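# Structural overview
Given next are the chains, with one letter for each unit.
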Amino acid sequence: MLVAIEDDPGGKESRVIDTIDQQLKEWVNSTVAGQDILMSMPPATVDRSTVALSLYELDTAVPGRCDGPRPIELTLRYLVTTHAEEPIEAHRVFGQLLFAAIENPAFVVDNRPLPIEVWRAFGMAPRPSFRLEMPLVRERQASTPLITKPVEV
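Thresholds, definitions, all that
All residue numbers refer to position in the chain's written sequence, counted from 1. Residues qualify for local features only when their pLDDT is at least 70, as the model is predicted, and side-chain atom pairs are given and counted only at 80 or more; totals for whole chains, interfaces and linings, by contrast, use all residues. Each side-chain value is worked out from all heavy atoms of the structure, with water and hydrogens disregarded. Secondary structure elements are taken from DSSP: a helix is a run of H or I of four residues or more, a strand is a run of E of two residues or more, and numbering for both begins at the N terminus. Residue burial is assigned from relative accessible area. The probe radius is 1.4 Å, only protein chains are included, and a residue is buried under 20% of its type maximum, exposed over 50%, and partly exposed in between. Should any heavy atoms of two residues lie within 4.5 Å, those residues are considered in contact. Areas reported here follow the Shrake-Rupley algorithm with a probe of radius 1.4 Å; residue values treat only the protein chains shown as occluding. Under the pairing criterion, centres of Phe, Tyr and Trp rings, with the six-membered ring standing for Trp, must be within 6.5 Å; the plane angle then separates stacked pairs below 30 degrees from edge-to-face pairs above 60, leaving the rest tilted. A pairing counts as a salt bridge when a side-chain nitrogen of Lys or Arg comes within 4 Å of a carboxyl oxygen of Asp or Glu.

This part is about the overall build of the protein. Looking only at helices and strands, the protein has 3 helices and 6 strands in total. Each helix (α) and strand (β) of the protein, taken in turn from the N terminus, gives the series β-α-β-β-β-α-β-α-β. Expressed as a percentage of the 153 residues in the protein, the buried residues total 32%. Expressed as a percentage of contacts within the protein between residues at least 6 apart in sequence, the contacts between residues at least 24 apart total 63%. Accessible surface for the protein amounts to roughly 9800 Å². Of this, 54% is attributable to carbon and sulfur atoms.

A few words now on the packing of aromatic side chains. Here the structure, examined in full by the defined rule, presents 3 aromatic pairs. Between tryptophan 27 and phenylalanine 107, the aromatic rings sit 4.9 Å apart at their centres with planes inclined by 80°, giving edge-to-face as the arrangement. Residue tryptophan 27 is located in helix α1 (residues 16-31), and its partner phenylalanine 107 is located in the loop between α2 (87-103) and β5 (108-110); the two are separated by 80 residues in the primary sequence. Where tryptophan 119 meets phenylalanine 122, the ring centres are 6.3 Å apart and the plane angle is 80°; that geometry is what we call edge-to-face. Here phenylalanine 122 and tryptophan 119 lie together in helix α3 (residues 116-122), a separation of 3 residues that amounts to about one turn. According to the relative accessible area criterion, tryptophan 119 is buried, its value standing at 2%.

Below, the discussion takes up the pattern of salt bridges. All chains considered together, the criterion is met by 7 salt bridges. In this structure, aspartate 36 and arginine 48 form a salt bridge, with 2.3 Å as the shortest nitrogen-oxygen distance. With aspartate 36 in strand β2 (residues 36-38) and arginine 48 in the loop between β2 and β3 (50-60), this pair connects stretches of sequence that are 12 residues apart. When its relative accessible area of 29% is taken as the criterion, aspartate 36 is described as partly exposed. Note on arginine 48: relative accessible area 52%, which makes it exposed. With its nearest N and O atoms 3.4 Å apart, the salt bridge here joins arginine 77 to aspartate 59. One end of the pair, arginine 77, is in strand β4 (residues 72-83); the other, aspartate 59, is in strand β3, with 18 residues separating them in the sequence. It is possible to trace a salt-bridge network through shared partners that takes in Glu57, Asp59, Arg77 and Glu133.

Take a look at the structure:
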């Protein structure tokens, strides 16, 4: 799932992260229907089954080779957690999402535990989670016209 946009002086590029958010919500709905989906860290307690997709980190990707202006390449990192009144329900949904993400070639999945300091910063007790890395590429137009013939004086 790669989102690429072209340089847009009209400001539409600011909607690109929204597009990735929407794609992730659609993926969750197609994997485990009937879940509330939060695009932020969830509250400490929830009264129904919830999936939280929290955009928590943005990183510069290693640029690839290209001819012309180099695109802006970023990596968005989402923390995925599940919550429910009954822990067994949260675990069931978590397992379904984790295996679906691992099987999806569009996702880079990191399921290493988060450091306790991160959970403290979120004000939450540690819980099962994994991270999805999503590439975001913004193409840029050449700002200088290419010289195609010798200069005439």
